[in-house]
Every structure is written in structure tokens, then in C-alpha cells.
Amino acid sequence: MQNETTLARRISYTGIGLHSGQDVTITLCPAPAQTGIVFVRTDLPGAPQVRACASYVTNTMRATTLENGPAKVFTVEHLLAALAMLEVDNCFVEINAVEPPVADGSSLAFVRLIEEAGMQALTAPRQVFYVTREHTVRVDDKFITILPYDGLRVTFTSVNPHPALGVQFGDYEINPATFTEQIAPARTIGFMHEVKALQEKGLALGGSMDNAVVYENGKALNPLRFPDELVRHKILDVLGDLALAGQLRGHIIAVKSGHALNTALARDILASQNRL
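Residues numbered from 1 in each chain as written. Predicted model: local features only at pLDDT ≥ 70, side-chain atom pairs only at ≥ 80, totals over all residues. Heavy atoms only, no water.

As annotated in an unreviewed UniProt entry, the protein chain carries the name UDP-3-O-acyl-N-acetylglucosamine deacetylase and comes from Propionispora hippei DSM 15287. According to UniProt, the comment filed for the protein chain under the heading Sequence similarities (unreviewed entry) is "Belongs to the LpxC family." Quoted straight from UniProt, the Function (unreviewed entry) entry for the protein chain says "Catalyzes the hydrolysis of UDP-3-O-myristoyl-N-acetylglucosamine to form UDP-3-O-myristoylglucosamine and acetate, the committed step in lipid A biosynthesis." (UniProt positions renumbered as here; feature names shortened; annotations may be inferred.)

Here it is in C-alpha cells:
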């Protein structure tokens, strides 16, 4: 059995929020054992906190939102995926705006930040939740399920009507190395024809070709990192959202799943462990 970990030192990163368009600095800080991942809104009176737990999810439109009283943060999934897959169990995330920086639209900047800070082992044993039965969430032709499995594996089928995307399939055995090399660099996807409508809803205000793969007239306007970058980013989102249920071991299988189904599955897993 491994012990829990935290970061060896504080480390900061400054950028812009994908949806809010606000300048923001996050500081990843060491935290005691059994703290979990906790967001601290340093820009608000009293620095209110919200824990990265599925029971605090309040919105899943285009991103995952956590909220506990005045403490609200959204688009947390890319950072949470990096922390969980690099096995950082405890961390205070000090943040001076409502949304973490988007960086390049992937998790890679957060992976590098964690690597630069270094890891420190703690004395408490790590709590790993081994799935013992099927958990499934299904809505129309979309679903996500997790099955008992000796490890962590994600199998995802993405179906997109865009001619340059179509059906993409990914199947990965997840560990820190495969996550860092194969999943973390995959960026979020955007379409030029959606920009105006999203911005009218207060979304994608910080989006640009520097932090997303943008499609127009049937092709990507910026170079892809992987031919199947979309499905890899979908897997990244799954890992970040399911981190809201803790360190999991199981085989995740999904078709066309998004944040709503992902976080619903996380809540179901928590409920089965009586941890809501």
C-alpha cells in the first residue's frame, strides 16, 4: 500500500480563463494528509474553500463547476486530471479568480508545474477505491460506465458530425507516464461557427487559437498534436471529472460522454462508498 502525497513546495502559474476571459493566478500548495484537493478563493473575503468532490458540482455546461457557498470555481477538470493522474492526493489550490488558467487548452502545463514542484510522501496510507461492481450512467445514445478492473483503463468512442472529426476511438491503460505522454497534451476543440453563440452565453471569452484546436470550413486552423486529439481530450475530461470521486481503479468505457455524465458517474461511485 502506498502512502498519500502532496507537493514538495508552493508553485504558481498565471494565465487567462478559457470561459471567463479573466487574468488569473493559481498557486499549488502543500497540504496535510487527508485534505484532498481544495480550491481556495483568495480574491474573496475570508478566502472561502470548496473541495474537489462530486457532491459540490453545480454546473456542467462546457466545463465542470464546483461550488460551496461563496467559493465557486469552474473549468477545473484539466487541473484535476493532472493532479490525480500524477498521484497528488493533497493540495490547496489558491486561486484569485473564478476559473483556473486554460494554458494551452490541455493539462500539459499543469503536469510540468507538478513535476517542477516535486512530490512529498506523507505518513497516511493512500485511499484507493477499487470498483467492485458496474456503475453506469446513460442518456439517450450517450453513456459512461466503470467496471471492476485491476488498474485504470479508459475506452472512449467519440462521435462528431464534423467531417474532419467523425468517429474517433481511444483505449488507454492509464498511469503517470501514459497520461503525461498520450493524454495530457491533447487540447480542447472549438468551432468558429460556435464562437458568437458561446460568447453571448458568457462562455469562451478567453478562447483563442493559442488554447484550443479551432476548426473552420472542414479543417483545423492550427496543427494537431495527434490525429485523434479530440478523443484524447475527451479522455482527459473523463479523468478530471472522475477525480471528483477520488483515486479510482476500474475500466471506464464511454460513448459520447461529456461533463454531465462524467460527474453523474462520479456521484454514483461516491454514493456507493457512502462518501457523499
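Having seen it, we continue.
Observations concerning the side chain of His259
Mapping His259 onto the fold places it in helix α6 (residues 259-272). When near neighbours in sequence (up to four residues on either side) are disregarded, His259 contacts Thr60, Arg62, Ala63, Thr64, Glu77, Asp237 and Asp241. (Helix = DSSP H or I, 4+ residues; strand = E, 2+ residues; numbered from the N terminus. Contact = heavy atoms within 4.5 Å.)

Considerations on the UniProt feature "active site" (unreviewed entry) in the protein chain
The feature "active site" (unreviewed entry), as given by UniProt, occupies His259 in the numbering adopted here. Of the residues examined, His259 reaches a relative accessible area of 10% and is grouped as buried. (Buried < 20%, exposed > 50% of the residue type's maximum accessible area, 1.4 Å probe, protein only.)

Side note on the state of the cysteines
Evaluated as defined, the whole model comprises 0 disulfides. Cys29 takes part in no disulfide bond, and the closest cysteine sulfur, belonging to Cys91, lies 6.5 Å away. Free cysteine Cys53: the closest other cysteine sulfur is in Cys91, separated by 16 Å. (Disulfide = S-S within 2.5 Å.)

Brief notes about the domain arrangement of the protein chain
Assigned domains within the protein chain: domain 1 (3-125) and domain 2 (129-274). Contacts between domain 1 and domain 2 engage 37 residues on the former and 38 residues on the latter. Carbon and sulfur atoms supply 64% of the area buried between domain 1 and domain 2, which totals about 2,800 Å² over both sides. On the domain 1 side of the contact with domain 2, Ala54, Arg62 and Met85 bury the most area, a combined 21% of that side's loss. (Domains from an automatic or database assignment. Buried area = accessible area lost by both parts, 1.4 Å probe.)

Observations regarding the layout of surface pockets
By rolling a water-sized probe across the atoms, one finds the places where empty space is left. Of the voids in this model, the second largest pocket is the one considered here, and its volume is about 530 Å³. As for the second largest pocket, its lining consists of 24 residues, and the residues nearest its centre are Gly36, Arg51, Asp89, Gly246 and Gln247. Residue composition of the lining of the second largest pocket, grouped by class: 12 nonpolar, 7 polar and 5 charged. Both domains that meet at the lining of the second largest pocket, namely domain 1 (3-125) and domain 2 (129-274), each give it at least three residues. (1 Å grid on protein atoms, 1.4 Å probe; cavity = no way out; pocket = protein on both sides within 12 Å on 5 of 7 lines; lining within 4 Å. Points joined across faces, edges and corners; volume = space filled by probe spheres on them. Nonpolar A, V, L, I, M, F, W, Y, C, P; charged D, E, K, R; others polar.)

Thoughts on a nonpolar patch on the surface
A cluster of nonpolar side chains, Met192, Met209 and Leu221, forms an exposed patch at the surface whose accessible area comes to about 240 Å². Mapped onto the elements, Met192 comes out in the loop between β16 (189-191) and α4 (195-200). (Patch = residues over 30% accessible without salt bridge, like charges linked within 9 Å, V, L, I, M, F, W, Y side chains within 5 Å. Areas by Shrake-Rupley, 256 points an atom, 1.4 Å probe, with all protein chains shown as cover. Salt bridge = Lys/Arg side-chain N within 4 Å of Asp/Glu carboxyl O.)

Regarding the UniProt feature "binding site: Zn(2+)" (unreviewed entry) in the protein chain
Residues given the UniProt feature "binding site: Zn(2+)" (unreviewed entry) here are His78, His233 and Asp237. The annotated residues occupy 160 residues of the chain but converge on a single region, no pair of C-alpha atoms lying more than 9.4 Å apart. Restricting the annotated residues just mentioned to those that line the second largest cavity leaves His78. Position of His78 among the secondary structure elements: in helix α1 (residues 77-85). Residue class for His78 comes out buried when judged on its relative accessible area of 5%. Contacts of His78, omitting those with residues within four sequence positions, involve Gly105, Ser106, Ser107, Phe110, His233, Leu236 and Asp237. On the secondary structure map, His233 appears in helix α5 (residues 229-242). Contact partners of His233, with chain neighbours within four places excluded, come to His78, Gly105, Ala186, Arg187 and Thr188. Separated by 3.2 Å, the side chains of His233 and His78 make a polar contact. (Polar contact = N/O pair within 3.5 Å; in protein donor to acceptor, adjacent residues only side chain to side chain.)

As for the packing of aromatic side chains
Summed over the entire model, instances satisfying the criterion amount to 2 aromatic pairs. Over the ring of Phe143 we find Arg138; its NZ or CZ atom is 4.9 Å from the centre of that ring. The lysine or arginine in question, Arg232, covers the ring of Phe226, its NZ or CZ lying 3.9 Å from the ring centre. (Phe/Tyr/Trp six-rings, centres within 6.5 Å; stacked < 30°, edge-to-face > 60°. Lys NZ or Arg CZ within 6 Å of the ring centre and 35° of its normal.)

Describing the nonpolar core
In this structure, Leu28, Phe39, Leu66, Ile174, Phe179 and Leu239 are the most contacted members of the largest nonpolar core, which totals 66 residues. In terms of residue count, α1 provides more of this core than any other element does, 7 residues in total. Summarising the domain contributions, this core has at least three residues from each of domain 1 (3-125) and domain 2 (129-274). Excluding anything up to four places from it in sequence, Leu66 contacts Phe39, Val50, Arg51, Ala52, Cys53, Tyr56, Val57, Ala71, Lys72, Val73, Val76 and Leu244. Formed by 6 residues, the second largest nonpolar core is a distinct cluster that contains Ile189, Phe191, Tyr215 and Leu230. (Core = buried A, V, L, I, M, F, W, Y, C linked by side-chain atoms within 4.5 Å.)

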